[in-house]
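The lines below spell out each chain.
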Amino acid sequence: MDGLVAGLRAAGEPTRLRLLSLLAQSELTVTELTQIMRQSQPRISRHLKLMGEAGLLDRFREGSWVFYRLARTGEGGALAQSLMALLPKNDPVLTRDTERLEEVRQGRAERAAAFFRENAEEWDRIRALYVPEARVEAAMQELAPKGRLRSFLDLGTGTGRLLEVFADRSENAVGIDLSPEMLAFARAKVEERGLTHCQVRQGDLFDLPVQDDSQDLVTLHQVLHYLDDPATALAEAARVLKPGGRLLIADFAPHELDFLREEQAHRRLGFAPEEVTRWCVRAGLEPAEIAELPPEGDEAKLTVVIWAAEKPSHGKSEGAARRALEEA
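Quick caveat, the model's predicted, so the values are computed rather than measured.

Of regular secondary structure, the chain possesses 13 helices and 10 strands. The C-alpha atoms of the chain give 22 Å as radius of gyration, which agrees with the globular expectation for 328 residues (20 Å, within 12%). On the principal axes, the C-alpha backbone points of the chain span a range of 60 × 50 × 30 Å. Expressed as a percentage of its 328 residues, the buried residues of the chain come to 50%. Considering only residue pairs separated by 6 or more positions, the chain has 69% of its internal contacts joining residues 24 or more positions apart. Just so you have it, the chain exposes about 16200 Å², and 49% of that area is on carbon and sulfur atoms.

Listed below in structure tokens is the structure:
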């Protein structure tokens with residue numbers, strides 16, 4: 001009861017309801033909120049602080065920026081969602097706020113488009129080296145858990161493409177990346193498609209800001225070859241999987257294209273299937289399937305390998321884990 005009363009008090013003011021309405025539609029910084037609402041930064045910050053303390057908002061840092069978003073979990077999240085359902089649909093103030101929000105989104109989209117134009121040629125060059133991404137995405141969907149995903153985590157999300165691919169099956173999806181530029185691009189794409197249940201966050205793949213045993217599906221798509229210690233990143237991914245959850249890794253088979261190391265900062269020139277399988281087992285996962293997609297066309301030279309591994313339920317015996325390690 002005390003939590004409910006505190007949440008109602010925190011929300012019970014016109015400016016705060018306007019803020020909640022905006023943050024139900026988009027992740028926004030204080031600067032963007034002041035631009036939309038035409039109010040001072042100290043005033044906006046004070047309202048956000050009070051609602052954050054009441055659990056109505058989530059707050060997360062991305063470099064020097066801090067983003068806010070309507071909470072989706074916990075008692076505060078449930079209250080915030082209920083309040084949104086009660087807001088009048090045709091209120092002129094909320095309508096004006098939404099129109100200004102669209103201006104902010106348009107600015108994001110324009111910056112994302114410029115970033116894409118600057119990098120598209122190089123991305124196309126790399127993609128030409130292996131099978132079309134549509135085939136990789138289809139194979140990953142086939143290897144993913146069947147049915148609805150209550151929680152999906154994409155590590156090294158880049159452009160956020162896998163968030164889009166699994167959006168229809170996910171109730172809550174989060175993409176983690178270290179690059180502010182890629183996060184800005186991914187956020188703009190997610191918002192452009194109206195995927196309000198998808199989020200992007202800045203984070204370290206070796207120290208994920210995610211609870212243990214919380215994810216139905218974790219993906220690492222063309223990420224491991226950039227890392228100094230891929231086995232440790234894989235172990236961290238295993239930590240956040242639920243028992244019965246599945247990890248999908250898409251990367252290259254061993255190759256000899258040295259220019260990828262020199263020009264694209266690839267730390268590893270692909271991985272042997274048994275090497276990644278061994279890392280999965282040592283992380284406490286049970287290897288499932290491996291799919292290989294050989295190159296197609298004259299320019300393509302790289303084979304894409306997709307590894308699937310599951311986190312055993314708590315009842316799995318140690319003997320089964322040892323046998324899997326011996327096989328790997």
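There's more to say after this.
Glancing now at helix α10 (residues 230-240). Within the sequence span of α10, burial applies to Pro230, Ala233, Leu234, Glu236, Ala237, Ala238 and Val240. Elements in contact with the buried residues of α10: β4 (152-155), β7 (215-221), β8 (241-252) and α12 (273-282).

For the structure shown, the criterion picks out five aromatic pairs. For the pair phenylalanine 271 and tryptophan 279, a centre-to-centre distance of 5.7 Å together with 75 degrees between the ring planes defines the contact as edge-to-face. Residue tryptophan 279 is classed as buried on the basis of its relative accessible area of 12%. Taken together, Phe60, Trp65 and Phe67 form an aromatic cluster joined through their ring pairs. Over the ring of phenylalanine 60 we find arginine 201, and its NZ or CZ is 3.3 Å from the ring centre.

One finds Tyr130, Val136, Met140, Phe152, Phe166, Val304 and Ile306 to be the most contacted residues of the largest nonpolar core, which totals 34 residues. Elements with a contribution of two residues or more to this core: α7 (133-143), α8 (161-165), α9 (180-192), β6 (198-202), β8 and β10 (304-310). By residue number, the principal contributor to this core is α7, which donates four residues. Setting aside its immediate chain neighbours within four residues, tyrosine 130 contacts Gln222, Phe252, Ala300, Leu302 and Val304.

Here we take up the environment of alanine 184. You can see alanine 184 is positioned in helix α9. On the basis of relative accessible area, alanine 184 is assigned to the partly exposed category, the value being 38%. Sequence-wise, alanine 184 and alanine 308 are 124 residues apart; in three dimensions their C-alpha atoms are separated by 29 Å.

With that settled, the discussion passes to the pairing of β10. Of all the seven residues making up β10, six are buried; the element is thus mostly covered by neighbouring parts of the structure. Of the strand pairs in this sheet, β8 and β10 are connected by seven bridges, and their pairing is antiparallel. Bridging across to β10, phenylalanine 252 finds its partner in valine 304.

With that settled, consider the side chain of glutamate 191. Tracing the backbone shows glutamate 191 in helix α9. The class of glutamate 191 is buried, set by a relative accessible area of 16%. Filtering out sequence-adjacent residues up to four positions away, glutamate 191 remains in contact with Ser26, Glu27, Arg105 and Arg108.

A few words now on the side chain of threonine 219. Locating threonine 219 in the fold gives a position in strand β7. With a relative accessible area of 0%, threonine 219 lands in the buried category. Here threonine 219 is in contact with Met140, Phe152, Leu153, Asp154, Leu155, Leu162 and Leu248, once residues within four sequence places are set aside.

All right, on to the confidence of the model for the chain then. Residues of the chain with pLDDT of at least 70 account for 95%, and the chain-wide mean is 90. Of the regions scoring below 50 in pLDDT, residues 317-322 engages in two contacts with residues more than four places distant in sequence or in other chains.

Time to look at the sheet that holds strand β9 (residues 286-293). Pairing is mixed across the open sheet formed by seven strands, whose spatial order is β6-β5-β4-β7-β8-β10-β9. With one partner strand each, in any of the chains shown, β6 and β9 form the two edges of the open sheet. Each strand axis lies, on average, 15 degrees off the axis of its neighbour in the sheet, ignoring direction. Where strand β5 (residues 173-177) lies against β6, five bridges are found, and the strand directions are parallel. Considered in β6, the bridge of aspartate 177 is made with glutamine 202.

Rules of the game
Residues numbered from 1 in each chain as written. Predicted model: local features only at pLDDT ≥ 70, side-chain atom pairs only at ≥ 80, totals over all residues. Heavy atoms only, no water. Helix = DSSP H or I, 4+ residues; strand = E, 2+ residues; numbered from the N terminus. Rg over C-alpha atoms; globule rule 2.2 N^0.38 Å. Buried < 20%, exposed > 50% of the residue type's maximum accessible area, 1.4 Å probe, protein only. Contact = heavy atoms within 4.5 Å. Areas by Shrake-Rupley, 256 points an atom, 1.4 Å probe, with all protein chains shown as cover. Phe/Tyr/Trp six-rings, centres within 6.5 Å; stacked < 30°, edge-to-face > 60°. Lys NZ or Arg CZ within 6 Å of the ring centre and 35° of its normal. Core = buried A, V, L, I, M, F, W, Y, C linked by side-chain atoms within 4.5 Å. Pairing = 2+ DSSP bridges. pLDDT = per-residue confidence, 0-100. Axes fitted to C-alpha atoms, helices over the stretch in contact; angles between N-to-C directions.

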